Amino acid sequence: LHTKEFFLHFGILSRLRGNFHLQNLADFDHFYTKSQIHYLSIGPRDIHDIYLPGGEKLKLNENIRSMGIVRAQGFVEGDLEDLNANFNVQSRLGNAVFDAHLNQNPETSLLSYSGNLKADELALGYITDNSDIGKASLDVKMQGSGTDMANLILKVEGNISAINYNNYTYNNID
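Draft legend 1. The arrangement of the sheet that holds strand β9 (residues 153-165) in detail. Spatially, the ten strands line up as an open sheet ordered β1-β2-β3-β4-β5-β6-β7-β8-β9-β10, and their pairing is antiparallel. Strands with a single pairing partner mark the edges of an open sheet, and in this sheet they are β1 (2-10) and β10 (168-173). Going from strand to strand, the sheet's axes swing by 20° on average, the running direction of each strand aside. In this structure, strand β4 (residues 70-78) lies alongside strand β5 (residues 82-91), joined through eight bridges in antiparallel fashion. Bridging from a neighbouring strand, V76 pairs with A85 of β5.

Below you can see the structure in the form of structure tokens.
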């Protein structure tokens, strides 16, 4: 399936517009995409209906669900077990740019990821449900696995230009 300037309105507030190249839609084992997303918005009530490869429902904490409409633009290429994505994301919790590689182990269904994240005044404490942490501005490389805080394994390297911790802002942490 090849589309140009495709538009979809789904859920309550969600929209998707872009150019899509999708192969093997009826055969998920051989599905492949190379797509440019010009505009994606996902409303808070629509987030809980997202399923990950393998049928597992995306688990988001309540704080993330309450972040309002999330908007994104970017590029995605790969299949359901090995995906590269580059996105610019905006929400009321902050703005971020990420370039990521997502991989799902077919035997364990464990999701792993690696890539770069740049964020400006991201409400990190709110997202992670940690009241000691405030907003953070950062440019980091990340590598990890897991889809919720209980099974999260994450290695982060880079620069945190500012992070608020216990009502004090720390600057230029490498």
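Draft legend 2. A look at unusual backbone geometry. With phi around 55°, E5 is a residue other than glycine that occupies positive phi space. Secondary-structure assignment places E5 in strand β1. For E5, a relative accessible area of 45% corresponds to the partly exposed category. With a phi close to 50°, N166 is a non-glycine residue in the positive phi region. Along the chain, the position of N166 falls in the loop between β9 and β10. Using a relative accessible area of 45% as the deciding quantity, one classes N166 as partly exposed.

Draft legend 3. Structural view of the pairing of strand β2 (residues 14-23). Side chains of β2 alternate between two faces, with S14, L16, G18, F20 and L22 buried and R15, R17, N19, H21 and Q23 left unburied. Looking at chain direction, β1 and β2 are connected through seven bridges and run antiparallel. Bridge pairing in β2 links H2 to H21. With antiparallel pairing between neighbouring strands as the criterion, β1 and β2 make up a hairpin whose turn holds three residues, including G11 at a positive phi of roughly 65°. Here seven bridges tie β2 to strand β3 (residues 32-42), and the two strands are oriented antiparallel to one another.

Draft legend 4. Geometry of the nonpolar core. I37, L40 and F87 are the most contacted members of the largest nonpolar core, which has 16 residues in total. For this core, the elements supplying multiple residues, two or more each, are β2, β3, β4 and β5. If sequence neighbours within four positions are ignored, L40 has contacts with F10, R15, L16, V70, R71 and A72. Among the nonpolar cores identified, the runner-up in size contains eight residues, and A96, L138, V140 and I163 belong to it.

Draft legend 5. Structural detail: the side chain of S137. Tracing the backbone through its elements, the reader meets S137 in strand β8 (residues 133-145). Among residues more than four places away in sequence, those in contact with S137 are A119, D120, E121, I160, S161 and A162.

Draft legend 6. Quick look at the side chain of S35. Within the secondary structure, S35 sits in strand β3. At 2.6 Å, the side chain of S35 forms a polar contact with the side chain of T33. With residues near it in sequence (within four places) discarded, S35 still touches N19, F20, H21, L22, G74, F75 and V76.

Cut-offs used in this document
- Residues numbered from 1 in each chain as written.
- Predicted model: local features only at pLDDT ≥ 70, side-chain atom pairs only at ≥ 80, totals over all residues.
- Heavy atoms only, no water.
- Pairing = 2+ DSSP bridges.
- Helix = DSSP H or I, 4+ residues; strand = E, 2+ residues; numbered from the N terminus.
- Axes fitted to C-alpha atoms, helices over the stretch in contact; angles between N-to-C directions.
- Buried < 20%, exposed > 50% of the residue type's maximum accessible area, 1.4 Å probe, protein only.
- Core = buried A, V, L, I, M, F, W, Y, C linked by side-chain atoms within 4.5 Å.
- Contact = heavy atoms within 4.5 Å.
- Polar contact = N/O pair within 3.5 Å; in protein donor to acceptor, adjacent residues only side chain to side chain.

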